[in-house]
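# Inside the fold
Chain residues, written in single-letter form:
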Amino acid sequence: MTDSAHSAPIGPDISVTARRPTLGFAQLWNISFGFFGIQIGFALQNANMSRIFQSLGESLDSLALLWIAAPLTGLLVQPIIGHYSDRTWGRFGRRRPYFFGGAVFAALALFGMPHAPTLLVAAMLLWILDASLNISMEPFRAFVGDMLDKDQHTAGYAIQTGFIGAGAVIGSATPYLLDAIGVGNQVAGGGIPDTVRYSFYIGGAALFASVLWTVLTTREYSPAELAVFDGCGAAAAAPAVPPASAVGGALWIAAGVVVAGGVWAAALEKELYLLAALLAAYGIARIVAGAMYARGRTDTLLTNIVGDFAGMPPIMKKLALTQFFTWSALFIMWIYTTPVVAQYVFGSTDPASALYNEAGNWVGILFAVYNGVAALAALFVLRPVARRIGKVRTHALALGIGALGYASFFAIHDAWGLIAAEVAIGIAWASILAMPYAILASALPQAKLGLYMGLFNVFIVVPQLLVATVMGTIVRHLFPTEPIWTMAFAAGVMAIAAATMLRVREP
């Protein structure tokens, strides 16, 4: 395929070669452009939901609980979408129907979020928004692996990261830019300002348009074509992995009971019961999946998810540990940066005040900075560094730099000075969005790439659930009026993530 075909839908001639064609820049652009809009949606959510919740009357120490909707949705949605997208094929393709359907509902949720009259409605819309974004996002990770040969995986995920960074810049900076041109940034007596309302409208339109671009400008490889490329000789899916033993399931249930008992005995916050419920639910799922497999029902959604989760490849297990600590730090940042910056830089703890709303807009700029840095680093820095020292060392180094960025919040109490912290975080963010997936895509079986990518994202979701349930308790009991200490937790767990990455060996 030559450069003259860049604007045309992508499609191979498998009679010529068993390798996927090498794609040009314009084709790589089309494959990943939908992520630009998806990330605008995530950026608006990350930078503004705490502000919206507080504008509707929620207190600082309860913010983490309201954020539970987002990671819990991802935990449920991503493996399911991955499983079904691996097995979908029709006139609209394999992954593209999920891109499009998720984009429609995510856009509607973005349009509706600024009109949420109560905390309950806002939390429900966050749930819908996050579920829809996950439905669109999860197949995009596998889409790069579907469409590119192994020697283009790093380039493909780097360009995808570039779009993620660019979309996040737009989503994060829009309230600030609207304020700069005179759109109202404060509501008398409290409420959601027009800067946030219009930002969500713009984001919804951009998300839908960018995903539609990818849907219309790409043609996916059929199952038969993928089988030729991967040397399978057939398009059949990989066999199901037997679920782990029922004894293990019983131990997980017991762990859930112990956690619930500890929460009750110590009179801890009720949201911690969610952790107990998740442990017990996983144990029940293992027992049920094992019974189904024993009765010959080996190729069901539950047996595949439970079996492949328990039997994931060793390199995926090591990367999962790194992901766990990495995303714990990120989620702390997304929840607490606004109150930290408002209190320690702008001198306000009142969500209805002009200073607090000014701080909220500045957090949007800070988030735009780290995402902009990530876009540039992904396109111009990661690939040459990875070629020189390897993907694993590149990722460990970037995470270490990110830990320094979080720690610098203790030393920098100037609004412009915080940009230096965000540059460091942006370098880490670039690697987080590219390196683990580039490593995995070359090491996982193609027939289950969507499912494995969905399961890998469990280790993005679980730490967010832990932060959402545990961090509020920590804040409430240890430093109820000093949220700056949340950044110390973020720096510590990001440093641990960097250390665990050194255990990984590239395939």
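Residues numbered from 1 in each chain as written. Predicted model: local features only at pLDDT ≥ 70, side-chain atom pairs only at ≥ 80, totals over all residues. Heavy atoms only, no water.

### Focus on helix α16 (residues 391–407)
When the terminal C-alpha atoms of α16 are compared, their 25 Å separation across 17 residues agrees well with the 24 Å that a helix rising 1.5 Å per residue should span. For α16, the full list of buried residues reads V392, T394, H395, A396, A398, L399, G402, A403, G405 and Y406. In this structure, the buried residues of α16 make contact with α13 (314–344), α15 (382–389), α17 (418–441) and α20 (485–501). (Helix = DSSP H or I, 4+ residues; strand = E, 2+ residues; numbered from the N terminus. Expected span 1.5 Å × (residues − 1). Buried < 20%, exposed > 50% of the residue type's maximum accessible area, 1.4 Å probe, protein only. Contact = heavy atoms within 4.5 Å.)

### Focus on the pattern of salt bridges
In total, this model carries 11 salt bridges according to the counting rule given. As a salt-bridge pair, D86 and R94 come within 3.8 Å of each other at their nearest N and O atoms. For D86, a relative accessible area of 11% corresponds to the buried category. Its salt-bridge partner being R197, residue D194 comes within 3.8 Å of it at the nearest N-O pair. In this pair, D194 and R197 are both assigned in helix α8 (residues 194–217), 3 residues apart and thus about one turn of the helix distant. A cluster of three or more residues bridged by salt bridges with shared partners is formed by D86, R94, R95 and D146. (Salt bridge = Lys/Arg side-chain N within 4 Å of Asp/Glu carboxyl O.)

### A word on the environment of I419
The topology assignment puts I419 in helix α17. Here I419 falls in the partly exposed class, since its relative accessible area comes to 21%. Along the chain, I419 and G405 lie 14 residues apart, while their C-alpha atoms are 9.6 Å from each other. Here I419 is in contact with W362, L366 and V369, once residues within four sequence places are set aside.

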